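# Analysis of the macromolecular model
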Amino acid sequence: MADRTIQGGDGDGGVDVIRTFPFPVELSVRGVGMQVGPMGAGRTWHADAPLHRVHRIDFHVVMLFDDGPVRHMIDFAEYEATAGDVLWIRPGQVHRFPNASEYRGTVLTMQPGFLPRATVEATGLYRYDLPPLLRPDDAQLAALRSALTQLRYEYEDTTTLPLSLHTAVLRHCLTAFLLRLAHLAASSAQGAGGPSDTTFTLFRDAVEKGFATNHSVSAYADSLGYSRRTLVRAVRAATGETPKGFIDKRVVLEAKRLLAHTDLPIGRVGAAVGFPDAANFSKFFQQHTDMTPAAFRAEMH
């Protein structure tokens, strides 16, 4: 299967390519849009996927650990998972396995589009504000394991149902597991003082859509119909930071993704996140990371 690419001319006939590893449909049982099975050195989603280096995928990965600790980088933050913990990596996030052979447990991968829209919304599949590392209590963990075991049983049962019914049963079992997982993620965010206010939610979604071109707090406030003061109060209550800090953090994250994952010139990276002037981008990036873009890229490669 060919990798999905995003291409753009650089003015001299060259082409820049972002490689995103797609869901490996050909590796899934009966070609359905999900996989579930044991973690381990032999499990991968693409023959060329550089698991030990920063890479990006276009599907969901949920890992339930039986052992640990294991350190895993997601969007340039390090997380330490141990037995009973769950890591949820969403499409578009960059991540890295320091040593895939140390991973023990069950891994679920799911192709976008496998579940209907109503289920996607109910399970918060694209809530990038929610924490990727989840620590269920004993009762929650038992329920998650039970749901995942049933899902794996149905996934591996290729003889008792025709493909259409097999796929329908998988969707129902997957939905049950993801609803439990989504409740755990939302509860974890609220328990840590995470966002729940509607004003912040609207702002967060607007920033996600517009951060590449719009860095203005006032512009976001105007477009959402709030005063700047109301927006400042809502964002601070939800995240502990200012709206400007929230926007800048999202811009820095995307810049890091592009620097780590692509060979785009630094000036092109800056332009992609709203800085037409390369010098201004470098100054902004260094202010927020204490590193130049070039130094950060060198560290990631």
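Preceding this paragraph is the structure being described.
Residues numbered from 1 in each chain as written. Predicted model: local features only at pLDDT ≥ 70, side-chain atom pairs only at ≥ 80, totals over all residues. Heavy atoms only, no water.

### Quick look at the packing of aromatic side chains
- According to the stated counting rule, one finds 11 aromatic pairs in the structure shown.
- Measuring from centroid to centroid gives 5.0 Å for phenylalanine 97 and tyrosine 103, while their planes differ by 55 degrees, and the two rings are tilted. Taken as a pair, phenylalanine 97 and tyrosine 103 share a single burial class, namely buried.
- With centroids separated by 5.5 Å and ring planes inclined at 50 degrees, the aromatic side chains of phenylalanine 203 and phenylalanine 246 adopt a geometry described as tilted. Of this pair, phenylalanine 203 sits in helix H4 (residues 198-210) while phenylalanine 246 sits in helix H7 (residues 243-261), and the two are 43 residues apart along the sequence.
- According to the relative accessible area criterion, phenylalanine 203 is buried, its value standing at 0%.
- The class of phenylalanine 246 is buried, set by a relative accessible area of 16%.
- Sitting over the face of the ring of tryptophan 88, arginine 90 holds its NZ or CZ atom 3.9 Å from the ring centroid.
- Positioned above the aromatic ring of phenylalanine 114, the side-chain terminus of arginine 171 is 4.8 Å from the ring centre. (Phe/Tyr/Trp six-rings, centres within 6.5 Å; stacked < 30°, edge-to-face > 60°. Buried < 20%, exposed > 50% of the residue type's maximum accessible area, 1.4 Å probe, protein only. Helix = DSSP H or I, 4+ residues; strand = E, 2+ residues; numbered from the N terminus. Lys NZ or Arg CZ within 6 Å of the ring centre and 35° of its normal.)

### A word on the sheet that holds strand S10 (residues 105-110)
- Read from one edge of the open sheet, five strands run S3-S10-S5-S8-S11, paired in antiparallel fashion. Whereas interior strands pair on both sides, the edge strands pair on one side only; in this sheet they are strand S3 (34-38) and strand S11 (133-134).
- Bridge count between strand S8 (residues 86-89) and S11: two bridges; the pairing is antiparallel. Looking across to S11, one finds that leucine 87 is bridged to leucine 133.
- Of the strands in this sheet, S3, strand S5 (60-65), S8 and S10 touch helix H2 (residues 138-156), which is tilted by about 115 degrees from S3. (Pairing = 2+ DSSP bridges. Contact = heavy atoms within 4.5 Å. Axes fitted to C-alpha atoms, helices over the stretch in contact; angles between N-to-C directions.)

### Structural notes on the environment of aspartate 248
- Of note, aspartate 248 is situated in helix H7.
- Setting aside residues up to four positions removed in sequence, aspartate 248 forms contacts with Phe284 and His288.
- For aspartate 248, the side chain forms a polar contact with the side chain of histidine 288, separated by 3.3 Å. (Polar contact = N/O pair within 3.5 Å; in protein donor to acceptor, adjacent residues only side chain to side chain.)

### Section: helix H6 (residues 228-239)
- Between its terminal C-alpha atoms H6 stretches 16 Å, which fits the 16 Å expected from 12 residues at 1.5 Å a residue.
- What H6 keeps buried is the set Leu231, Ala234, Val235 and Ala238. Looking straight down H6, one finds that the buried residues subtend no more than 95 degrees of arc, so they occupy a single side. Summarising the geometry of H6, the exposed residues directed more than 90 degrees from the buried face are Arg229, Arg233 and Ala237.
- Those residues of H6 hidden inside the fold are in contact with H4, helix H5 (217-224) and H7.
- Remark: glycine 240 follows H6 within two positions and exhibits a positive phi of approximately 80 degrees. (Expected span 1.5 Å × (residues − 1). Arc of directions from axis to C-beta.)

### Looking at the packing of H7 against helix H10 (residues 293-300)
- The interhelical angle for the contact between H7 and H10, taken along N-to-C directions, is 55 degrees, at an axis separation of 8 Å. Classified by the angle their axes make, H7 and H10 are oblique. Crossing hand, H7 versus H10: right-handed. Where H7 abuts H10, its residues Lys256, Leu258, Leu259 and Ala260 lie against Pro293, Phe296, Arg297 and Met300. (Parallel < 35°, antiparallel > 145°, perpendicular 65-115°, else oblique. Left-handed = near helix turned anticlockwise from the far one by under 90°.)

### Focus: the nonpolar core
- If you look at the biggest cluster of nonpolar residues, it comprises 33 residues, and the most contacted ones within it are Phe76 and Phe203.
- Counting residues per element, this core draws most heavily on H7, at nine residues.
- Non-local contacts of phenylalanine 76, meaning those with residues more than four positions away in its chain, are made with Val94, Leu253, Lys256, Arg257, Ala260, Phe296 and Met300.
- With 29 residues, the next largest nonpolar core counts Val36, Leu64, Leu115 and Tyr155 among its residues. (Core = buried A, V, L, I, M, F, W, Y, C linked by side-chain atoms within 4.5 Å.)

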